[in-house]
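# Chains, contacts and geometry: an overview
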Amino acid sequence: MSFVARAHQATGQGREMVARLRSATREERSREVGALLSPHPALAVCFCDESKRLLFSSPNQAEEWLRLAETIFSKIEPPSDRWGKKDHAWTEAHLRAVRGNLHMFRGEIVLAHKEFEEAKVGFESLDDEFRMALLARSLGFTWTKLGQPLKAKEVCLQSLIILTAYGSIRERFSLMNNLALVLLTLSEHRKARALFDYLCASVPSDDPNLFTIHRNAILPLLERSEWKEAQAKLESMTALLESCDSDVEKGRTLRLMGEIHILEGHAEISLMELRQALDVFAPLNMGYESAQTAALLGKAYSDLKSYDKAQAHLKRALVFFSGQRFALDLVKTLEVWNSAIERKDLSDRAFHAIRSFDRISPPPPAIPIM
């Protein structure tokens, strides 16, 4: 049997195993994976794909399946007549990409970027330009958050050409969504709005990113201070939100509602929405999303002249953004901090809160949740 035939067979068996273990307990899954002898690399890929599937609906379960995939990968023996070096290398690159996505989801941006870059090197060594192009969406995010949006734009545009050539419509839409966000960061508002308008008109109703794209399409309106139109579009998405089964999307939408109310001058109204968003993100261990929400809560309390509460939330956001190297978010939050102080001498506290930023080498370790 050829390598391709064996891989196809192993993939089928892996999918059957994943389907069967979905209803098993964590201990049962761990025990069965621990008993495996010389598994095929395709089995690790199947477990990675299950982790990827669960990321937005149940990130804690996604992490469990990723750990199982890593255990399987550690049991893979040297290449033999069942698989070759390329199978092993491709599986390792795929594992890194999925691990990077989990780090990115947690807000561990430096760790995520490192995994994506390693995955890119792996796929590049295998001449897999398609997988390299798929990584662009994640790399575009990490480059932007690390303060290099021009690099993010370059990566996205290069990969967009590849995905278009392959005819990968859904993946192309997903990448264009992230490219539009990069353009917003670069203050190219008209281009971003045009791109979002195209996506809203083109993306089919069964696309898994439909809700995300429509919500993101509101962001250019905020950049142009068109609060009323933004509010109207967000309210029109209420029915769509009710049919959405992703807590992550619900939390992000609540946060956007809160942000719009702040911009409209209704800070008190925003507090309830922002607190609800924080309640969504906290049990999911979404550090970045929680920090963004905390920064907005700080802004709301500052507008209401509740400076002690404002500083408490802003300090939480500052510590996270500095520790995880979110350069642009750090600058924006510092601006809010400086407007949230009652006395001039308190401004030094901003630098005290983040003075470790310049000398931090690696980011703090990930918080274990298992």
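Not measured: the values here are computed from a predicted model. (Residues numbered from 1 in each chain as written. Predicted model: local features only at pLDDT ≥ 70, side-chain atom pairs only at ≥ 80, totals over all residues. Heavy atoms only, no water.)

## Some words on the packing of aromatic side chains
Quick note on the threshold: Any Phe, Tyr or Trp ring, taking Trp's six-membered ring, that has another such ring centre within 6.5 Å forms a pair; planes under 30 degrees apart are called stacked, those over 60 apart edge-to-face, and the others tilted.
Overall, the coordinates contain 11 aromatic pairs when judged by the stated rule. These aromatic residues form a ring-pair network of at least three members: F141, Y288, F320, F321 and F326.

## Structural notes on the side chain of T212
As a reminder of what qualifies: What counts as a helix is a DSSP run of H or I of at least four residues, what counts as a strand is a run of E of at least two, and both are numbered from the N terminus. Any two residues whose heavy atoms approach within 4.5 Å at even a single point are treated as in contact.
Note that T212 resides in helix α12 (residues 210-216). Filtering out sequence-adjacent residues up to four positions away, T212 remains in contact with N177 and E249.

## Side note on the pattern of salt bridges
Note on pairing: side chains with opposite charge can pair once their charged atoms come close. Here is the rule we go by: Each reported salt bridge corresponds to a side-chain nitrogen of Lys or Arg within 4 Å of a carboxyl oxygen of Asp or Glu. Remark: exposure states derive from per-residue accessible area (1.4 Å probe, protein chains only) relative to the maximum for the residue type, with buried under 20%, exposed over 50%, and partly exposed in between.
This structure, assessed with the given rule, holds 25 salt bridges. Between E249 and R252 there is a salt bridge, with its nearest N and O atoms 4.0 Å apart. With a gap of 3 residues between them, E249 and R252 both fall in helix α16 (residues 247-263), about one helical turn apart. A residue is classified by how much of its surface remains accessible, and E249, at 7% relative accessible area, is buried. Connected through salt bridges with shared partners, the residues E63, R67, E70, R96, R99, R106 and E115 form a single ionic network.

## Considering helix α17 (residues 267-281)
The periodicity of an α-helix, 3.6 residues per turn, causes residues three or four places apart in sequence to face the same way. Stated precisely, the cut-off is as follows: Multiplying one less than the number of residues by 1.5 Å gives the expected span of a helix.
Compared with an ideal rise of 1.5 Å per residue, which puts 15 residues at 21 Å, α17 spans 21 Å between its outermost C-alpha atoms and is within 8% of the ideal. Along α17, the positions that sit buried rather than exposed are A267, S270, L271, E273, L274, A277, L278 and F281. Elements in contact with the buried residues of α17: α16, α18 (287-303) and α19 (307-323).

## What to know about the confidence of the model for the chain
Formally: What pLDDT expresses is the predictor's confidence in each residue, scored from 0 to 100.
With 88% of its residues at a pLDDT of 70 or more, the chain shows a mean pLDDT of 87. Per-element mean pLDDT across the chain ranges from 50 in helix α21 (residues 348-354) up to 96 in helix α6 (residues 109-125). Considering only residues more than four positions removed or in separate chains, one finds that residues 343-347, a stretch of pLDDT under 50, has 6 contacts. Scored below 50 in pLDDT, residues 354-370 shows 29 contacts in the model against residues more than four places distant or in partner chains.

## Points about unusual backbone geometry
Backbone geometry at D127 places phi at a positive 60 degrees, although glycine is not the residue there. Structurally, the position occupied by D127 is in the loop between α6 and α7 (129-134). If you check the backbone angles, R325 has positive phi at about 70 degrees while not being a glycine. Tracing the backbone shows R325 in the loop between α19 and α20 (327-339).

## Overview of the packing of helix α8 (residues 136-145) against helix α10 (residues 169-185)
The line we're drawing: Note on definitions: angles span 0 to 180 degrees between N-to-C directions of axes, and those axes are lines fitted to C-alpha atoms, for helices only across the stretch in contact. An angle below 35 degrees is read as roughly parallel, one above 145 as roughly antiparallel, one from 65 to 115 as roughly perpendicular, and any other as oblique. Throughout, a crossing is termed right-handed when the near helix is turned clockwise from the far one, and left-handed when it is turned anticlockwise from it by less than a right angle.
Interhelical geometry of α8 versus α10 gives an angle of 15 degrees and a closest axis separation of 9 Å. Our classification of the angle between α8 and α10 gives roughly parallel. Taken as a pair, α8 and α10 cross one another with a handedness that is left-handed. Contacts from A136, R137, G140 and T144 of α8 reach α10 at S174, L175, N178, V182 and T185.

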